[in-house]
Amino acid sequence: MPAPSSSPKTTTTTPTTTAPAASAPPSAPASARTRFGPVALVVSAGVSVQFGAALAVTLMPRAGAAGVVTLRLAAAALVLLVVCRPKVRGYTRSDWGTVVAFGVAMAGMNGLFYQAIDRIPLGPAVTLEVLGPLALSVIVSRRLVNLLWAGLALAGVVLLSGHGGGGFGFGSLDPAGAAFAVGAGAMWAAYIVFSARTGRRFPQADGLALAMAVAAVISLPLGVVEAGSDLLVPSTLALGLGVAVLSSVLPYTLELLALRRLPAPTFAILMSLEPAIAASAGFLVLHQAMSVLDAAAIALVIAASMGAVRSQIGKKAQAQAQAL
């Protein structure tokens, strides 16, 4: 809570003290970094999580989908708890309710998604999953232009879903796998909401560490039932740790930091980059080919994402100009 509250004060004070025209140019680079920094965090998180998902697919023959989820969340929780050493005192019941809800959303999102990619290819699975954040952007947004960007991103998502992941369209997908992916998308939308709330209530990554521990506790029984002692094989543990770092520790930390400075609707539309990143990860790691239509779909979602970011930047710049 101290960090988010101090950030707006710094942002508000700077324009007041640099009102003279002579001091305006030096503040421009810092302003650009402030605007695009959260965007870079989100994109980096997407690259990390999708390549981690590709690595997880190679681990599933050893531990199963639920076992991989357990390894991922348990290892990530352990790393974050050791690194962050979050305080457990001084929080209200509402704070704890928020972090528990964040952990439940995280466990549900991961569990459903891994069940999906155990049945259908990575590209289509992420394409279906990203419909959750896109729906959130439409519901939460109060600007008509964001509906346009969401529609453009949705067009790219649909195009990629029909031809991405090595020619796998919706018609050839396992129905259960598709349903799991859509369910993961709904939990992803909940994750976005509660991640932002957690970031405002807990300092640094403390809330993330606590929520990850909640998610690990929820997933543990399912993983033990499916994989049993296979979870303790050294090579499986090592791969599980790699999946945890790529798919949980690094991306969730980056996203939590980004959501403190990035509105939920803009963050949700940026998540439409995930099918493009997933297709690239599938091509490089899992040898899933991409077609010309895949590239066209990727261009659509990138255009929509960049348009959403530019719209948000323009809105903030207009508000700052009016304030001056």
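Residues numbered from 1 in each chain as written. Predicted model: local features only at pLDDT ≥ 70, side-chain atom pairs only at ≥ 80, totals over all residues. Heavy atoms only, no water.

Colleague: Which residues make up the overall build of the chain, and what are the values?
Modeller: Helix and strand counts for the chain come out as 12 helices and 0 strands. Its helices and strands in sequence order give the chain the pattern α-α-α-α-α-α-α-α-α-α-α-α, from N to C terminus. Sorting the 324 residues of the chain into buried and exposed places 46% on the buried side. In the structure as shown, the chain presents an accessible area of about 14500 Å², 70% of it carried by carbon and sulfur atoms. (Helix = DSSP H or I, 4+ residues; strand = E, 2+ residues; numbered from the N terminus. Buried < 20%, exposed > 50% of the residue type's maximum accessible area, 1.4 Å probe, protein only. Areas by Shrake-Rupley, 256 points an atom, 1.4 Å probe, with all protein chains shown as cover.)

Colleague: Could you give an account of a nonpolar patch on the surface, with specific residues and numbers?
Modeller: Residues Leu 78, Val 82 and Val 83 make up a contiguous nonpolar surface patch of roughly 310 Å² in combined accessible area. You can see Val 83 is positioned in helix α2 (residues 24–84). (Patch = residues over 30% accessible without salt bridge, like charges linked within 9 Å, V, L, I, M, F, W, Y side chains within 5 Å. Salt bridge = Lys/Arg side-chain N within 4 Å of Asp/Glu carboxyl O.)

Colleague: Any details on empty space enclosed by the protein? Residues and values, ideally.
Modeller: The final tally for this structure, using the stated rule, is 2 cavities of 30 Å³ or more. Taken as a whole, the largest cavity holds about 170 Å³ of empty space. Val 49, Gln 50, Arg 72, Met 109 and Glu 129 are the residues nearest the centre of the largest cavity, which is lined by 15 residues in total. Listed by contribution, the elements that provide at least two residues to the lining of the largest cavity are α2, α3 (93–117), α7 (175–201) and α9 (234–259). (1 Å grid on protein atoms, 1.4 Å probe; cavity = no way out; pocket = protein on both sides within 12 Å on 5 of 7 lines; lining within 4 Å. Points joined across faces, edges and corners; volume = space filled by probe spheres on them.)

Colleague: Got a sec to walk through the side chain of Gln 50? Specific residues and values, please.
Modeller: Among the secondary structure elements, Gln 50 is positioned in helix α2. Apart from the residues within four sequence positions on either side, Gln 50 is in contact with Leu 122, Val 126, Glu 274, Ile 277, Ala 278 and Ala 281. (Contact = heavy atoms within 4.5 Å.)

Colleague: Tell me about the confidence of the model for the chain, and please be specific about residues and values.
Modeller: Of the residues in the chain, 76% have a pLDDT of 70 or more, and the chain-wide mean is 78. At the low end of the mean pLDDT range in the chain sits helix α1 (residues 2–17), at 33; at the high end sits α3, at 95. Note that pLDDT drops below 50 for residues 1–28; the model gives that stretch 10 contacts with residues more than four away or on any other chain. Per-residue pLDDT stays below 50 along residues 163–169; that stretch engages in 18 contacts with residues further than four places along the chain or on separate chains. (pLDDT = per-residue confidence, 0-100.)

Colleague: Please provide a residue-by-residue account of the packing of α3 against α9, values included.
Modeller: At a minimum axis separation of 14 Å, α3 and α9 run at an interaxial angle of 140°. It follows that α3 is oblique to α9 by the angle criterion. Here the hand of the crossing between α3 and α9 comes out right-handed. Contacts from Met 106, Met 109, Asn 110 and Tyr 114 in α3 reach Val 243, Ser 247 and Tyr 252 in α9. Considering only residue class, the contact of α3 with α9 consists of 5 nonpolar, 2 polar and no charged. (Axes fitted to C-alpha atoms, helices over the stretch in contact; angles between N-to-C directions. Parallel < 35°, antiparallel > 145°, perpendicular 65-115°, else oblique. Left-handed = near helix turned anticlockwise from the far one by under 90°. Nonpolar A, V, L, I, M, F, W, Y, C, P; charged D, E, K, R; others polar.)

Colleague: Account for the pattern of salt bridges, naming residues and giving values.
Modeller: Tallied over the full model, the rule gives 1 salt bridge. Here Asp 95 and Arg 201 are joined by a salt bridge, their closest N and O atoms 2.6 Å apart. With Asp 95 in helix α3 and Arg 201 in helix α7, this residue pair connects regions lying 106 residues apart in the sequence.

Colleague: Could you give an account of the packing of α3 against helix α8 (residues 206–227), naming the residues involved and the relevant values?
Modeller: Look at α3 against α8: their axes get within 7 Å of each other, and the N-to-C directions meet at 40°. In terms of axis orientation, α3 runs oblique to α8. Judged by the sense of rotation from one axis to the other, the crossing of α3 with α8 is right-handed. On α8, the residues touching Trp 96, Val 99, Val 100, Phe 102, Gly 103, Val 104, Met 106, Ala 107 and Gln 115 of α3 are Gly 207, Leu 208, Leu 210, Ala 211, Met 212, Val 214, Ala 215, Ile 218 and Glu 226. Residues of the contact of α3 with α8, tallied by class, amount to 14 nonpolar, 3 polar and 1 charged.

Colleague: Quick rundown of unusual backbone geometry? Include the residues and the values.
Modeller: Residue Arg 85 is not a glycine yet carries a positive backbone phi of 45°. Within the secondary structure layout, Arg 85 lies in the loop between α2 and α3.

Colleague: Tell me about the side chain of Asp 206, and please be specific about residues and values.
Modeller: Along the polypeptide, Asp 206 turns up in helix α8. We note that Asp 206 is buried and unpaired, the nearest opposite charge coming from Lys 87 at a distance of 7.1 Å. (Lys, Arg positive; Asp, Glu negative; His and termini not counted.)

Colleague: Which residues make up the packing of aromatic side chains, and what values go with them?
Modeller: Within this structure, the stated rule accounts for 5 aromatic pairs. Aromatic pair Tyr 91 and Trp 96: ring centres 6.1 Å apart, planes at 90°, arrangement edge-to-face. Take Tyr 91: its relative accessible area is 18%, and that puts it in the buried class. Grouping aromatic residues by their ring pairs yields a cluster made of Tyr 91, Trp 96 and Phe 202. In this structure, Arg 197 is placed above the aromatic ring of Phe 194, and the distance from its NZ or CZ to the ring centre is 5.3 Å. (Phe/Tyr/Trp six-rings, centres within 6.5 Å; stacked < 30°, edge-to-face > 60°. Lys NZ or Arg CZ within 6 Å of the ring centre and 35° of its normal.)

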